Amino acid sequence: MNAAPSGLKAMILAAGRGQRMRPLTDTTPKPLLSVNGKPLIVWHLQRLAAAGITDIVINHAWLGQQIVDTLGDGRAFGVNIKYSAETSALETAGGIARALPLLGSEPFLVINGDIWCDWPLSKAPGLVKALQQNNARAHLVLVDNPVHHTKGDFYLDSNGQVHDNGEPRLTFAGIGVYDPTLFKSLNPDQAAPLAPLLRQSMHTGHVLGEHHQGSWLDVGTPARLGELARLLAQA
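What this report covers is the structure whose coordinates are included nearby. Keep in mind that this is a model prediction, so the values were computed, not measured. (Residues numbered from 1 in each chain as written. Predicted model: local features only at pLDDT ≥ 70, side-chain atom pairs only at ≥ 80, totals over all residues. Heavy atoms only, no water.)

We now examine the overall build of the protein chain. Helix and strand content of the protein chain: 6 helices and 13 strands. In terms of overall dimensions, the protein chain is globule-like: its C-alpha atoms have a radius of gyration of 17 Å, near the 18 Å expected for 235 residues. Once the C-alpha set of the protein chain is aligned to its principal axes, its extents read approximately 45 × 40 × 40 Å. Residues classed as buried in the protein chain amount to 51% of the 235 residues present. Here the contacts in the protein chain between residues at least 6 apart in sequence split such that 74% fall between residues at least 24 apart. When the accessible surface of the protein chain is split by element, carbon and sulfur atoms take 51% of a total near 10,700 Å². Charge-centre separation for the protein chain: the mean point of 19 positive side chains lies 2 Å from the mean point of 19 negative side chains. (Helix = DSSP H or I, 4+ residues; strand = E, 2+ residues; numbered from the N terminus. Rg over C-alpha atoms; globule rule 2.2 N^0.38 Å. Buried < 20%, exposed > 50% of the residue type's maximum accessible area, 1.4 Å probe, protein only. Contact = heavy atoms within 4.5 Å. Areas by Shrake-Rupley, 256 points an atom, 1.4 Å probe, with all protein chains shown as cover. Lys, Arg positive; Asp, Glu negative; His and termini not counted. Charge placed at Lys NZ, Arg CZ, Asp CG, Glu CD.)

Written out as structure tokens, the structure reads:
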């Protein structure tokens, strides 16, 4: 049975061109690439629905109409989908800034559309209260560094704060809960990466995080798409 709706909104980032996944993405947007008989983005939708997170925003650019045509309003997956269209991809922070009118004034969950992770999405609603209690602007899920990104991204201290500097470094999983104020300074029509915004907030102690030690995969290449298929077949 699906959990009761949490009230938390979530955004799936699905606007990227998927250059490393070519030629598969020449005619199919990366979120619709099939993994064990199911589009990659549908795995996300079903996990969100099972966690009771049913209000979903999806941004799209490259071949985006295919995403809309395939997923519709989300009813078939137990969710309610709204779309944030981009003429050209606005990068992570820019895409979120464009979607803020759909996401509302409360903290929200964001998931990269091209990752797989078994981090329990049911934890996300509880992180909203933690953000508010700590006057924080972001909570990041961090994972062990994969072989293709051995240097990692950020340092997580023993108090659960994330820093730009420090060792050992962990890799950002592409899953975060964000307060919308993090993006208020951005032009919603201009591309903007997420990392500089996060680093600014880290310098003022406003980014929290956790180390997830379960399964995580950046599904960025055909080889890793095959790796995910094998992983899911064993589950």
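Right, picking up where we left off after that structure.
Along the chain, the position of Asp157 falls in the loop between strand 9 (154–156) and strand 10 (162–163). In this structure, Asp157 is buried with no salt-bridge partner, the nearest side chain bearing the opposite charge being Arg169 at 12 Å. At 2.7 Å, the side chain of Asp157 forms a polar contact with the side chain of His163. (Salt bridge = Lys/Arg side-chain N within 4 Å of Asp/Glu carboxyl O. Polar contact = N/O pair within 3.5 Å; in protein donor to acceptor, adjacent residues only side chain to side chain.)

Per the stated rule, a full pass over the model turns up 6 salt bridges. When the shortest N-O distance is used, the salt bridge between Arg75 and Asp73 registers 2.8 Å.

For the rest of this paragraph, the subject is the packing of aromatic side chains. Per the stated rule, a full pass over the model turns up 3 aromatic pairs. Here Tyr178 and Phe183 contribute two aromatic rings whose centre-to-centre distance is 5.7 Å and whose plane-to-plane angle is 85°, an arrangement assigned as edge-to-face. When its relative accessible area of 1% is taken as the criterion, Tyr178 is described as buried. Residue Phe183 is classed as buried on the basis of its relative accessible area, which comes to 0%. Note that Lys38 overlies the ring of Trp43, its terminal NZ or CZ placed 3.9 Å from the centroid. (Phe/Tyr/Trp six-rings, centres within 6.5 Å; stacked < 30°, edge-to-face > 60°. Lys NZ or Arg CZ within 6 Å of the ring centre and 35° of its normal.)

Turning our eyes to something else, we now look at the pairing of strand 4 (residues 55–60). Of all 6 residues in strand 4, 5 are buried; the element is thus mostly enclosed. Summarising the sheet, strand 1 (residues 9–13) and strand 4 pair through 5 bridges and their orientation is parallel. Bridging across to strand 4, Met11 finds its partner in Val57. Where strand 4 and strand 5 (residues 80–85) come together, 6 bridges link them in parallel fashion. Directly across from Ile58, in strand 5, lies its bridge partner Tyr83. (Pairing = 2+ DSSP bridges.)

Another point: unusual backbone geometry. Pro168 follows Glu167 through a cis peptide bond whose omega is 0°. Position of Pro168 relative to the elements: it lies in the loop between strand 10 and strand 11 (169–178). Phi is positive for Asn36, which is not a glycine, with a value near 55°. Residue class for Asn36 comes out partly exposed when judged on its relative accessible area of 40%. Despite not being glycine, Leu63 shows a phi value in the positive range, around 50°. Locating Leu63 in the fold gives a position in the loop between strand 4 and helix 2 (64–71). On the accessibility criterion, Leu63 (26% relative accessible area) is partly exposed.

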